[in-house]
Amino acid sequence: MNTLPRFLRQAWTALRFLLLATVVLGLLYPLAIFGIGQAVVPFQANGSIIKDSAGKPAASALIAQVSADNSGTQSPLWFHARPSAAKWDPGASTASNLGPNDPKLLDAVKAARAAIAAAEGVKESDVPADAVTASGSGLDPEISPAYARLQVPRVAKAHGLSPATVQAMVDRRTVTGLEAFLGQPSVNVTELNLDVAAAAPGSAAPAK
């Protein structure tokens, strides 16, 4: 017959469960998930790190890497990502929290569309929506193929490359079908700019 008081027996049962849960959920399960990730999808499991032409880690394919000044103006040398309320700072991921009918948002979109049209030498009606609207995270590296094509002449001229060469890079980085998020074709700006840097003599990838 067990002579331990009832509360001690309950405490011992709880302690054993805590130890078991700690080992299973705090040690074995994380190790199993880590091992599966390394075996099945090591690229994604390690942060989707992409390398430059020298084979050195350059950036994560999941985060927009842009060269911009303190005002948030992106360098004219590179393909531009979507606008960012966080100024593309991974440590400050955020949205503007402005509603679609907010006058501040509408004014910002109008100003951005005019600025982009002037910079790219096109009509304002040719500027796609993703060029003037930010993502929820402010770090989205994906842009539409239309926005990428719009920037081809500027980037090609800045790096002494032919527009056809740069457009071929855009085509190669355009994902569609099952690879594309919700079926929408997109282009990864971070990967695209690394391609440009590798192809242009003396160019270095954009850095924040």
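Fair warning: this is a prediction, and the values are worked out from it, not measured in the lab.

Student: Describe the overall build of the protein, naming the residues involved and giving the relevant values.
Tutor: Looking only at helices and strands, one finds six helices and five strands in the protein. Along the protein, from the amino end to the carboxyl end, the secondary structure elements read α-α-β-β-α-β-α-α-β-β-α. Over its C-alpha atoms, taken along the principal directions, the protein stretches across nearly 90 × 45 × 35 Å. A buried classification covers 30% of the 208 residues belonging to the protein. As displayed, the protein has an accessible area near 12700 Å², and 63% of this comes from carbon and sulfur atoms.

Student: Summarise a nonpolar patch on the surface; cite the residues concerned and give the values.
Tutor: A cluster of nonpolar residues, Leu20, Val23, Val24, Leu25, Leu27, Leu28, Tyr29, Leu31, Ile33, Ile36, Val40 and Val41, forms a patch on the protein surface that exposes about 1100 Å² of accessible area. Along the chain, the position of Leu20 falls in helix H1 (residues 6-40). Residue classification places Leu20 among the exposed positions, given a relative accessible area of 52%.

Student: Describe helix H3 (residues 103-120), listing the residues and the values that go with them.
Tutor: Its 18 residues give H3 an end-to-end C-alpha distance of 26 Å, which sits within 8% of 26 Å, the value for a rise of 1.5 Å per residue. Residues of H3 that are buried in the fold lie against helix H4 (145-158). Its side-chain oxygen 2.8 Å from the backbone nitrogen of Lys104, Asp102 forms the N-cap of H3. At the exit of H3 stands Gly121, carrying a positive phi of roughly 70°.

Student: With reference to specific residues and values, describe the domain arrangement of the protein.
Tutor: Examined at the domain level, the protein breaks down into domain 1 (3-43) and domain 2 (67-199). In this structure, domain 1 and domain 2 have C-alpha centres spaced 46 Å apart.

Student: Can you break down the nonpolar core residue by residue, with the values?
Tutor: In summary, soluble globular proteins display a tendency toward joint burial of nonpolar side chains. Phe79, Ile116, Val166, Val170 and Val196 are the most contacted members of the largest nonpolar core, which has 25 residues in total. Counting only elements with at least two residues in this core, the list comes to H3, H4, helix H5 (163-173) and helix H6 (189-199). In terms of residue count, the dominant contributor to this core is H4 (six residues). Setting aside anything within four residues of it in sequence, one finds Val170 in contact with Phe79, Ala148, Val152, Val187 and Leu192.

Student: Give a detailed account of the pattern of salt bridges, specifying residues and quantitative values.
Tutor: Here the structure, examined in full by the defined rule, presents five salt bridges. Note that Asp140 is salt-bridged to Arg82, the shortest N-O span being 3.5 Å. One end of the pair, Asp140, is in the loop between H3 and strand S3 (142-143); the other, Arg82, is in the loop between strand S2 (57-60) and H3, with 58 residues separating them in the sequence. Accessibility expressed as a relative area gives 22% for Asp140, which makes it partly exposed.

Student: Describe in detail the side chain of Asp130, supporting the description with residues and values.
Tutor: Structurally, Asp130 is set in the loop between H3 and S3. Among buried Asp, Glu, Lys and Arg side chains, Asp130 stands out as unpaired, with Arg82 the closest opposite charge at 5.4 Å. Polar contacts involving the side chain of Asp130 include one to the side chain of Ser144, which spans 2.9 Å. For Asp130, the residues in contact, after removing those within four places along its chain, are Arg82, Pro83, Ile143, Ser144 and Tyr147.

Reading guide: rules and limits
Residues numbered from 1 in each chain as written. Predicted model: local features only at pLDDT ≥ 70, side-chain atom pairs only at ≥ 80, totals over all residues. Heavy atoms only, no water. Helix = DSSP H or I, 4+ residues; strand = E, 2+ residues; numbered from the N terminus. Buried < 20%, exposed > 50% of the residue type's maximum accessible area, 1.4 Å probe, protein only. Areas by Shrake-Rupley, 256 points an atom, 1.4 Å probe, with all protein chains shown as cover. Patch = residues over 30% accessible without salt bridge, like charges linked within 9 Å, V, L, I, M, F, W, Y side chains within 5 Å. Salt bridge = Lys/Arg side-chain N within 4 Å of Asp/Glu carboxyl O. Expected span 1.5 Å × (residues − 1). Contact = heavy atoms within 4.5 Å. Polar contact = N/O pair within 3.5 Å; in protein donor to acceptor, adjacent residues only side chain to side chain. Domains from an automatic or database assignment. Core = buried A, V, L, I, M, F, W, Y, C linked by side-chain atoms within 4.5 Å. Lys, Arg positive; Asp, Glu negative; His and termini not counted.

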